[in-house]
Structures are given as C-alpha cells and as structure tokens.
Amino acid sequence: MLNFLARRLLIAAMTCVMISILTFVIIRLPPGDFVDAYIANLAASGSTVTAEQATALRREYGLDRSVFVQYGLWISRVVRGDFGISMMWRRPVTEVIGDRLWLTMVVSFSALFLTWMIALPIGIYSAVRQYSIGDYAATLLGFIGLAIPNFLLALILMYAGFRYFGLAIGGLFSAEYAEAPWSWARAWDLAKHVPLPACVLALAGTAQLIRIMRANLLDELRKPYVVTARAKGISERRLLLKYPVRAALNPFASAVAYLFPYLVSGSIVVSLVLGLPTVGPLLLQALVAQDMYLAGSIVLLLGLLTVIGTLVSDLLLMWIEPRIRLEGRG
Amino acid sequence: MSQKSNSAGNGVGHAAGSEDRYAEATQLQLTWWRFKKHKLALLSLWIVAFFYLIAIFADVLAINDPQATDARRSYIPPQGIHLFDDGNFRPHVNGLKGTRDLKTFKLAYTPDPAKKLPVRLFARGYSYHLFGLIPTDIHVLGVEGGEAVDGLFLLGTDQLGRDLYSRLVVATRISLSIGLAGVGLSLLLGILLGGLSGLYGGIVDTVIQRVIEMVRSIPTIPLWMGLAAALPNTWSVTQVYFAITLIISLFGWTELARVVRGRFLALREEDFVIAAELAGASQLRIIFRHMLPSFASHVIAATSLALPAMIISETSLSFLGLGLRAPAISWGILLQDAQNVQVLAGAPWLLLAAVPVILVILAFNFLGDGLRDAADPYG
Amino acid sequence: MAEQPAQSAPCLLSVRDLVVDFRLDQGTIRAVENISLDLFAGRVLGVVGESGCGKSITARAILGIIDRPGRIVSGRVLLDPGTTRQLDLATLSNDSRELRSVRGGRIGLIFQEPMTALSNHYTVGNQIMEAVRAHKPKMTKPEARAKAVTLLGEVGIPNPDGRIDAYPFQLSGGLRQRVGIAMALAGDPDILIADEPTTALDVTTQAQILLLLRHLQRDKKIALMLITHDMGVIAQMADEVAVMYLGRVVEKAPVEHLFAAPRHPYTRALLRSVPNIHAKPRERLASIGGAVPHPARRPSGCSFHPRCPEVIAGRCAETEPAPVPAGADGAACFHAELTP
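Residue positions are given per chain, counted from 1 along the sequence in the order it is written. Chains carry letters and ligands carry numbers; both start at the beginning, A for chains and 1 for ligands, and go up in the order they are written. Residues qualify for local features only when their pLDDT is at least 70, as the model is predicted, and side-chain atom pairs are given and counted only at 80 or more; totals for whole chains, interfaces and linings, by contrast, use all residues. Excluding hydrogens and water, the side-chain figures rest on all heavy atoms present in the structure.

Student: Would you take a moment to explain the overall build of chain C for this structure?
Tutor: By the criteria applied, helices consist of DSSP H or I runs no shorter than four residues and strands consist of E runs no shorter than two, each listed in order from the N terminus. What chain C contains, in helices and strands, is eleven helices and eleven strands. With C-alpha atoms as the basis for the radius of gyration, the globule rule is written as 2.2 Å multiplied by the number of residues raised to the power 0.38. Taking 340 residues into account, the globule formula puts the C-alpha radius of gyration at 20 Å, and chain C, at 21 Å, falls close to it. Along the longest, intermediate and shortest principal axes, the C-alpha atoms of chain C span 70 × 50 × 45 Å. Taking the intrachain contacts of chain C between residues at least 6 apart in sequence as the baseline, contacts between residues at least 24 apart amount to 66%. Carbon and sulfur atoms provide 53% of the accessible area of chain C, an area that totals close to 14900 Å². Two residues form a contact once any of their heavy atoms are found within 4.5 Å. A 1.4 Å probe and the Shrake-Rupley method give the accessible areas. Residues count as covered only by the protein chains that appear here.

Student: It is not clear to me how the sheet that holds strand β3 (residues 44-48) of chain C should be interpreted in this structure. Could you clarify?
Tutor: Either a parallel or an antiparallel arrangement is found when strands of a sheet pair, and the pairing is made through backbone hydrogen bonds. All names here are of chain C. Strands pair, by our definition, only if DSSP identifies at least two bridges between them. Within the open sheet, the seven strands sit side by side as β6-β7-β8-β3-β9-β10-β11. Their pairing is mixed. Edge positions in the sheet fall to β6 (107-110) and β11 (330-331), since each of these pairs with one other strand and no more. Two elements, strand β7 (residues 191-195) and strand β8 (residues 223-228), share five bridges in a ladder whose sense is parallel. Each bridged residue has a counterpart across the sheet, and for D195 the counterpart in β8 is I227.

Student: Can you help me understand the nonpolar core in this one?
Tutor: Across soluble globular proteins, nonpolar side chains have a tendency to be buried as a group. Nonpolar cores were defined as sets of buried Ala, Val, Leu, Ile, Met, Phe, Trp, Tyr and Cys residues, with membership established by side-chain atoms within 4.5 Å. Accessible area is worked out with a 1.4 Å probe on protein chains only. A residue is then buried under 20% of its type maximum, exposed over 50%, and partly exposed in between. Ranked by size, the top nonpolar core spans 149 residues in total, and within it I97 of chain A together with M225, L322, L324 and W331 of chain B carry the most contacts. Looking at this core element by element, the count peaks at 15 residues for helix α13 (residues 244-274) of chain A. Excluding residues within four positions of it along the chain, L324 of chain B makes contact with I174, I178, V240, Y241, I244, E314, S318, S330 and I333 of chain B. Counting residues in hydrophobic clusters, the runner-up holds 60 residues, among them A148, L175, I181 and L192 of chain C.

Student: It is not clear to me how the domain arrangement of chain B should be interpreted in this structure. Could you clarify?
Tutor: The parts lose accessible area when they come together, and the size of an interface is often stated as this lost area. Residues and elements named next belong to chain B. Segmenting chain B into domains produces domain 1 (62-161) and domain 2 (168-374). Residue ranges for the domains trace back to a domain assignment, done automatically or taken from a database. Computed from C-alpha atoms alone, the centre-to-centre distance between domain 1 and domain 2 is 37 Å. Each side of the interface is counted separately: domain 1 has twelve residues, and domain 2 has twelve residues. For the pairing of domain 1 and domain 2, the buried interface totals around 820 Å² over both sides, and the portion due to carbon and sulfur atoms is 72%. Considering only the side of domain 1, the residues that lose the most area to domain 2 are Q67, Y75 and L155, jointly responsible for 48% of the buried surface there. We count a salt bridge whenever a side-chain nitrogen from Lys or Arg sits within 4 Å of a carboxyl oxygen from Asp or Glu. Run the count over domain 1 and domain 2 and you get zero salt bridges. Accessible surface is computed with a 1.4 Å probe, and the buried area is the amount of it that two parts give up when combined, taken over both parts together.

Student: How should I be thinking about the packing of aromatic side chains in this particular structure?
Tutor: Any aromatic ring pair is given by two values, namely how distant the centres are and how the planes are angled relative to each other. Two aromatic rings, drawn from Phe, Tyr or Trp (for Trp, its six-membered ring), form a pair once their centres lie within 6.5 Å of each other, and the interplanar angle then sorts them: stacked below 30 degrees, edge-to-face above 60, tilted otherwise. For the structure shown, the criterion picks out 14 aromatic pairs over all chains. Between Y71 of chain A and W74 of chain A, the ring centres sit 6.1 Å apart and the planes meet at 45°, which makes this aromatic pair tilted. Placement of both Y71 of chain A and W74 of chain A in helix α4 (residues 67-79) is noted, with a separation of three residues, approximately one turn of the helix. When the ring of F51 of chain B is compared with that of W331 of chain B, the centres are 6.3 Å apart and the planes differ by 85°; the resulting orientation is edge-to-face. Linking F51 of chain B in helix α4 (residues 39-56) with W331 of chain B in helix α12 (residues 331-336), this pair joins segments that are 280 residues apart in sequence. The buried category is assigned to W331 of chain B, whose relative accessible area is 0%.

Student: Whenever I open this one, unusual backbone geometry confuses me. Can you help?
Tutor: Negative phi characterises most residues that are not glycine, and trans characterises most peptide bonds. All names here are of chain C. Even without being glycine, N34 reaches a positive phi, approximately 50°. Within the fold, N34 resides in strand β2 (residues 27-40). The partly exposed category is assigned to N34, whose relative accessible area is 45%.

Student: Please explain helix α15 (residues 292-320) of chain A as it appears in this structure.
Tutor: Because an α-helix completes one turn every 3.6 residues, residues spaced three or four positions apart along the sequence face the same direction. Helix span, expected: 1.5 Å multiplied by one less than the number of residues in the helix. Helix length check: α15 of chain A, at 29 residues, gives a terminal C-alpha distance of 42 Å against a target of 42 Å (1.5 Å per residue), a fit within 8%. Counting buried positions over the 29 residues of α15 of chain A gives 22, a clear majority of the element.

Have a look at this one:
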C-alpha cells in the first residue's frame, strides 16, 4: 500500500511541477514582459513611468535575470500565496479570483457526483437486462451525450428555456444573493442553481461511464464466483450488488479519476455560456486582455486542484481494492 | 463449459471456397469484412465520406459568397424553394421585402409573391478557385437576377447578412481538415512514443507511461485557452490554423500512444514475431513487415475515435473566440454568433450550425466503435 | 433393474428425463437430453465424459442456476423422492425462496476453478459466513464466525482462526479449493455436487482434496455427485458411475462392473485412454478417434457411431439404441442389447 501511495504522490507532485512550468510558459508567451504591459496599462490611464522606474520594477521582479531564475522567483512567490497583481483589475490576483475558484470546484464536483449517481444504476440495469428496451435507450442516451459537446447542450438548453418557458437559465445565484455575503440562505440558493450546469457537464461523462460500467459488469457476470454465490442460495439482487457490481466498480472508480479533469475543462466553457460566476469567464477576459498573471494563476490553480481531485479518487480506489491495500503484506 | 465450446463452434461451417478466401486474407481485409457487418458503422462511414466530399467541393456547393456582407439582409430567416409555378415545374424563390420595425429597429422580411427568381442548376455566382487551382464561378445552385435582399438563403443569414448555408458548407473544409491534421500529428506522436514504450519497455516505458498519466490529469481546456490566447494577433489565418492544430494535437496523443503501446506489448510475445526474430529479421523489418500490419486496424479505429475529440476541441476554442479568427470560417466560429440568448431568440436558425457538428461527431463515434469491434472481435 | 445398489440407503435426489436447451440466434441446441440419475445417502455417483458432454450443465440444472440462454425444457428434479416431503425443483422459479433454501442448504456445490470461484473483494470468512447465514437467518455474526472457523478446520485448513480473515488471493490453489468445500458445507447439506473439483490442481493437491471429500462424505453420510473426465478419479471415489456422451447417459453401472465389464464402446474407449500400470514400455496410450461433435450437429442414429470402432453398418447410423432405463443400470448400445 505504501508503495502505491508513494507512487501516486510522486506522480501528483511531478504533475504539479509540469503544470507550473506550462503556466509559466503561458505567462511569458505574449510579447513584452510584465513591466511593458504595466507601463502600457498605466499610460492608458494617463500616468507615465520613467525609464529608471521601469528598470527598478524589472529588477524587483527579477525580469533582468535568466528565465530559470525568473521561474524560481515566480514559483517561490506562488508557494507563499502571492500570485501577483491583475493588470485589468489593479488588485491582487487572489482577491480577484475570490470565491470563483471554489464555485468552479463546487460545480465540477457536483457534476462528478451526478455522473456517478446516474451512470451507476443505468450501467447496472443495462448489463443485467442486456438487449432490453431500457438497455437500448441507455445506449442511445449514451451516444447522444457523446455527440453533443457540452457547450452546445448548454446553448440548446438555454434557448429552449428562454423560448418555451420564458426562463433565463444560468448563473449560480438569484439576483438578491449574487453579491451577498455567505449565509445559509445563500448556500441554499447555490444548491438550487447547481443542478442544471452540473447536469449539462455530466451528460458526456455519464454516457461514457454507462458504457464502461455495462461492459465491465457484463464481463463480471460471467465469472465463476457469481455462480458460487448463486449456489449458496443468496437472492439474485443481493448477490448482484455484493459481488459483480463490487468488482465492476474498480474500473468505474478509476474512470472517474480521469473524468475529473474533463469536467473541470468543460466547466470553463459551460460557465461562459450559462454565465456562471466561476473562473471560466474570468479566464477568458484575462486571456483576451492579456492579463497574464491573472490568467496564469487561474490555469495553475485549476491544474493543481484537478491533480488533488484525481489523487483523492485514486486513494478512494485504493481503499475499495483489497489487492492494492494489502500489496506487500500477503 | 459446454456453452463456451458451443459458441466457439459457431464459426465453423463456411463453404470450402470461402475458407480459402479467409485463410489468404490480410489482417486489414479481415477487419474490413467484419466491419461490413456493422450496419450502423457502415452508414456512418457513408456520412463521414459525404461530409468530406462537401469539404472538397465546398465552393461548388455554396450559393452565395460566404464573406459577402450586406446590412440590408441582416437576419433573413431560412427560405424555401417553390418547385411549381402555376402548375408547371419551374423552381423559384420569392423575392423579399424588408421593413424595419420602428420600435425594435429590427428588419422584418415578407416574401413578395410577385417577384419570382428562377433557381438554376450550375449557375454562375461568385468566382473562386476549384481545388485552389482552377478559376471558375460555377455553382451547383444559384438564382438569376438577385440583388441585395433578393437571393437564395436556404438557412437564412446572420447579422451581417452573410448566407448561413454557404458559410456552413465552406466551414466543413476547416473544421474537418483541422481534425484530420490534428489527429495526424497526434498519431505521429502517439505511434512514436507508444512504439518506443512498448518496444523497449523498462525505464523508457516507465517514463513515457508517467508522462501520459500526467498529461491525462491536466484539465486541457484552460491550458489550450492560455496557449491559444498567446498566439500573436498579427499572425495570418494559415499560421493560426497550424498553431491551433499543433495545440489540440499536443493533448490528444495520449490515447493513441496507449493503444499502440498495448499492441506492441501484446505482439512482442506473439509466436510469429518471435519466429521472425529467430529467423534473423532486422528490428525495422519486424516492425514494418510483421507488427505494423497486424495492428494497423487497431490504430485506424483509435484514430477515428480520436477525431471527434479534435473536432470538438477546435469548435470549443473557436466558439470561445480563442481559436481560429475571422475571416476564417469554421463551425466553431459560426456557433460563436449563436452565443447570446437574445440573438438566438430573434434568429434561432443560427443554431443550425450545431447540426453538422453533432452529426459528424456521432458518425465518427459509430465508425470508430465498428472499426474497433472489427479489429478486435474478442477484445 | 437387476441390482439396485444399496437398497438400505434412502434416495435423496432423483433426476428424471431432464432436458436442457440453449436458445441461440443460430438455433436451439439441446445440451442435455433425457437424463435420469439417482443420488443415495452416503454413496458417490461418478459422472464421467469428455468436455462438452453436458455434465456441468446437468449439475447446474439441478440447482436451477444455468446461465442464460439455457433453460430446463422438461423433466423432473425430485428432492426426497417417494417421501411426503417430495419436492420437484424443476418446477420452482430460479430466484424463488424455496429453491434458494435448497441451494447451499440441502445441496452444496463445489467448483472446478478455485482461483476464480471466490471473489477477491471479500475475505474468506465473509464469504463463508454469508453462506452460513443464508440458511440460518437467526444466527448472530459471532456464531456464524465460529461456525466458519469450525468449517475451515474441518476441511483441513491450518490456523483457521487466522485464515478466516485472509483474502482468497492470499491463498494457494489447494487452500482455496478447501475454502470452496467449506463453503459448500456451510448449510449442512446432505447432498454435494462436485464439478471437476480437482481438475485445476496439481497431482499431490488433487489426491489430498479427493481424500478430504471421501472422508467428509463418509462421516456425514452425504450423497455425492462427482463430475469428472478422469477415469482414475472415478475408480478411486465412485460407487456408481454414469457415463455421458453428447448430453445423454450412455452407460450406467456400479463402479466395479464398469471397470470389469464395460458394455458401451465409448466406456471402453475411455478406459483404454487411462494409463495402465501393466502397460508395456513405449506402448502408445489409446485415444478416441475424432472429436466430440458440436451438439447442434448431432449425428443420426447412435450419436457415437462416427467415432465408434464397433459400429454396425446399416444399423447404428440409422436407428437409435434404446436409452438406459431410468433408475436402472444398462448401456445404450445395440451390442449391449445383444448380450445383456
């Protein structure tokens, strides 16, 4: 188990480093450096910066040193929680991002949860009642989910809501709670708004997971231990849940682990369409305005949180699989 | 136990002639024969082929110049063709009368039954270069004597008065080719790294496997967005096109590499590969003469399953305004116009751009599924 | 009907004219045709035949656990035949409470593959206790655990107190098979069906497991139906033998008669394919010519005739010999009819 744990942690750490390097590349990609952009930004609002001040600024941020030193300086600031200053908002990046990061995770996790809740029973049903009408319906739903990119689904839902119900679908809060401080009422308001974007996000993943669950369970149902359990005289429903479903849960759980990054990715685009106050719209604005510290920080934070999410689901997998748990002991 | 021997026995009973045919067939031929039995996959193949034909002959099929703007024909709803005129077969469209609503300042169009514009086959329209080479102005469909508001707009127009049908047809060119190009690059990376991984194993395999795991655990869209946004504004359409292709292929290669590696690992243990090794065949000869043909069908299947993801990627990026930029036309760019509910409420036909996206993705998925089943009937 | 073996021992299970079909897209395959068998308390019925002859399907049909698309078409499976408690298992629905109480309760099943017949997700103890509590719902968990430890001890597993918390993947094949036997004994059955219990094990372990089965069966007066393709196992274990070919019983006889005077050419062929200690050095072991035909393409007449060395021209291929009568010994062969 320790072996597995160490391996996972190492991979997670290396992934974090890789993400930080990619983020740094993104921050540095636009022509000119932070100070150039800063000066241009100040100039736009009427103030000017002298050449000496510019040089001083460059020295302060280490921009006159080599790329590697710059990366080192940047990452050491990031580790201390200083993500730099947003050009667009003229405020520290952490302040600008605020709740949005957590809301992104709330939406993504809800989608993950929903994916599980929908895919598990439908997958079991499809496998146990193979070639039934319900099975075909699930397969059809699966293919539809696969074929409609989630931003298109969001678009279609929004149009349908507007056209046929006169509803403005979107957002995560009602107007009265949008800017309000956190309270139980606000959290409840959030809970009421999350299901729709979560559903939109979940559809594609659900389709995929239903297929995975169905295929695995069909495999497991043919295994001899199912017959053993049957020969013990246990009822069909009980043995089904205890043995083959349990065994089929493994690939299912690991599928969830690599689904999570997709959900986070998807939430960015869906947020834009549905106008959710997640980091999605902020990221797009920042990128368009070349507010690179803000954009880079969002990319970095999303990446890190995803790695943590994936790690958690990996540990979950380890917990439910005795073979991995007892590795090196048996 | 007996059940298994039953199902294994089902494959017996071919006529003697067809058994010879099966014995002599190559792996790819066998795959193709099995594939033909999947009706849905076969239909999907036709759909995919149909869309690629549209892409090749896009300009011929377009009716109006996809770039031509005209404020006088903003948001014209889709128009039908009248086939008969006074009982005679004389296909035509009615001219339109545009009146501005004084409250909303929107243009409303009413057909003018008196104005009949005959629809012609192989009519002359805007000029273009067929296959990028032959200058011509022949189009499959066209109307005679149209001006400004009067024309054939099968799927309506957008805000700038551009013909949605023609734009959709022309957009297939970029949307489908960028998918192919992206998959091509991914395939190259995937085969190279997956092959190295599967062939050499050991430390090389471990490193490549870890890299794949890492890439898979990164949320790709924010990264693409970052990379795509960093492309200089001054770049031409072609430069952006290639840059975007590169970006989307950077993250799509992992699945292909996984498939290739798995195949290599399985094949390395196969008797015919060991036999070839013992016979003294060179490494390259073994790979290209013995191994590649036997997993080509798997790679084709994985490729056709990877294509829809590429197409979605491009569409998403362009939809966000970070991918291709006007004057390029792709499905994502067309959908960008449909982002706003207010706009959609007034011009719902703009959502029609979603139809080819969904159709092509669905077709590629069925095609890939069928190919995978055919390539590996027992896997 | 000459010699009914062990008149004193009560008959616990009678299978009469059992027919099992598999309905596939390509057509219906008859996997088991008119099988009749009897199991007596304290005695062992050996069922022998090549792979695919319907042995396992018969065993599963008795318990009502045939996989789809197989199903019992006709015939009876009588528990306690001739008594007031007589129950026809074939009439019960597969997931019914009554049939489930028989499965693992009155009748225990031992499997062929010790590596896959147990789930790797639960401890051995969990899986045995489940079987114990399935038939004694009032039993508490500690009681069930104590019973499981006793069972593990009974099947000869060393350190049962510790092994009860082991996962199957931590045990060797022989130990797993012992766990399988303990599980089959969990409901205190008086009938055991062992489906090739030693096929997947190495020779030494095989002998140990057979010995264990023999002891358990004798001590508990269990009626054992032992399915195997190994004539050696039959000779060692069985009291009566049923020889099966293509879903039918072709010969039935007490074990000593079968080995001394086999009446069906197929039985003779099976016996010839067993290594003999008296064989001359370098003598080739006889094998049966050809392969078992696919059940969907059953030969006409006597289904063994294409492979039979003693085929009677113009007769075996056209007409079917009379089947072995239910509840009696005999052979379904024209040769056997000529010399009764």
